[in-house]
Amino acid sequence: MKTPSRYLVPICLLFAMLGQAQNSDLFKLWPDSVLAKANTARSVSYLSEEEKEVIYYMNLCRMNPELFGKTYLKNYLSENKIKKDKYVKGLLSYLEGKEDMPVLKPSKDLTEAAEAHAKDMGNTGRTGHNSSNGTSFADRMNVFSEVYSGINENCNYGMEDGRDIVMDLLIDREVSNAGHRKNILDSEMRFVGVAIEPHKRFRFNCVQDFGGKKL
């Protein structure tokens, strides 16, 4: 599994960033123990630092959706001067009162599936969930039906930063059913694979494959 240098965010920089957030008044409601719990991919060798960051921010949102909206999301909107259009307002409303969810744990087989699709889309310049050879998402992921209780997938284009990817998928602009957001916040999903790869048309693409726990 690759860890390309152009994707790497030095671990010390990542934790310095998190430390600064923890020391600010805005993030005092997030104890170090909670931040550590969200970082389920910290010791995984097959993910790049940006891919680990994707999992980290998804977990923070799952662990306390309402608080995430009032802290990390609010700060991100302000920092990037993002207007509160109907999609942002919809996300803020969606997070209010939503119950906490279990963290997502990294999965090597789901990551390999995500990487294969991200490379396929990147090399061919395509988008969507079907492979370039016409294989459907259902057929592509059928191999995992005996391992996971269900499979969801998100695809994101044009971004390489883990936090930007997660925020963009949560806001889900121009997606009528907010399907990407719902996948991230699906309480039945317990495992995730993440891959960020170059894209022929959009510079980068990120694929997230989610799996539920088999009973």
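Coordinates for the structure precede this section.
Everything quoted here is computed from the prediction, not taken from an experiment.

Draft legend 1. View of the overall build of the chain. Secondary structure summary: the chain contains nine helices and four strands in total. Going from N to C terminus, the chain has its helices and strands arranged as α-α-α-α-α-β-α-α-β-α-α-β-β. Looking at the chain residue by residue over its 215 residues, the buried ones come to 49%. Long-range contacts, defined here as pairs at least 24 residues apart, represent 73% of the contacts in the chain between residues at least 6 apart. Only carbon and sulfur atoms are counted for the fraction: they give 50% of the accessible area of the chain, which is about 10500 Å².

Draft legend 2. Quick peek at the layout of surface pockets. Size it by volume and the second largest pocket reaches roughly 180 Å³. Forming the boundary of the second largest pocket are Cys155, Asn156, Tyr157, Asp168, Leu169, Asp172, Arg173, Glu174, Val175 and His180. Elements represented by at least two residues in the lining of the second largest pocket include exactly β2 (148-157) and α8 (162-171). When residues in the lining of the second largest pocket are grouped by element, the largest group, three residues, is from β2. For the lining of the second largest pocket, the residue count by class is four nonpolar, two polar and four charged.

Procedures and definitions
Just so you know, the residues in each chain are numbered from 1, in the order the chain's sequence is written. Where totals are concerned, whole chains, interfaces and linings use all residues; where local detail is concerned, this predicted model gives features only for residues with pLDDT of at least 70, and gives and counts side-chain atom pairs only at 80 or more. Based on all heavy atoms of the structure, the side-chain values leave hydrogens and waters out of the count. Segments assigned H or I by DSSP are reported as helices when at least four residues long, segments assigned E as strands when at least two residues long, and all are numbered from the N terminus. Only protein chains enter the accessibility calculation, which uses a 1.4 Å probe. A residue is then buried if its area is under 20% of the maximum for its type, exposed if over 50%, and partly exposed in between. Every residue pair with non-hydrogen atoms within 4.5 Å of one another is taken to be in contact. Shrake-Rupley sampling with a 1.4 Å probe provides the accessible areas, and residues are treated as covered by the protein chains on show and by no other component. Whether a set of points on the 1 Å grid over the protein atoms alone is a cavity depends on a 1.4 Å probe fitting there but being unable to get out, while an open set qualifies as a pocket with protein on both sides within 12 Å along at least five of seven lines; lining residues are those with an atom within 4 Å of a point. Grid points are joined across faces, edges and corners, and a volume is the space filled by probe spheres set on the points. Each residue is assigned to one class: nonpolar for Ala, Val, Leu, Ile, Met, Phe, Trp, Tyr, Cys and Pro, charged for Asp, Glu, Lys and Arg, and polar for all the others, Gly among them.

That's the geometry; what it means functionally is another story.
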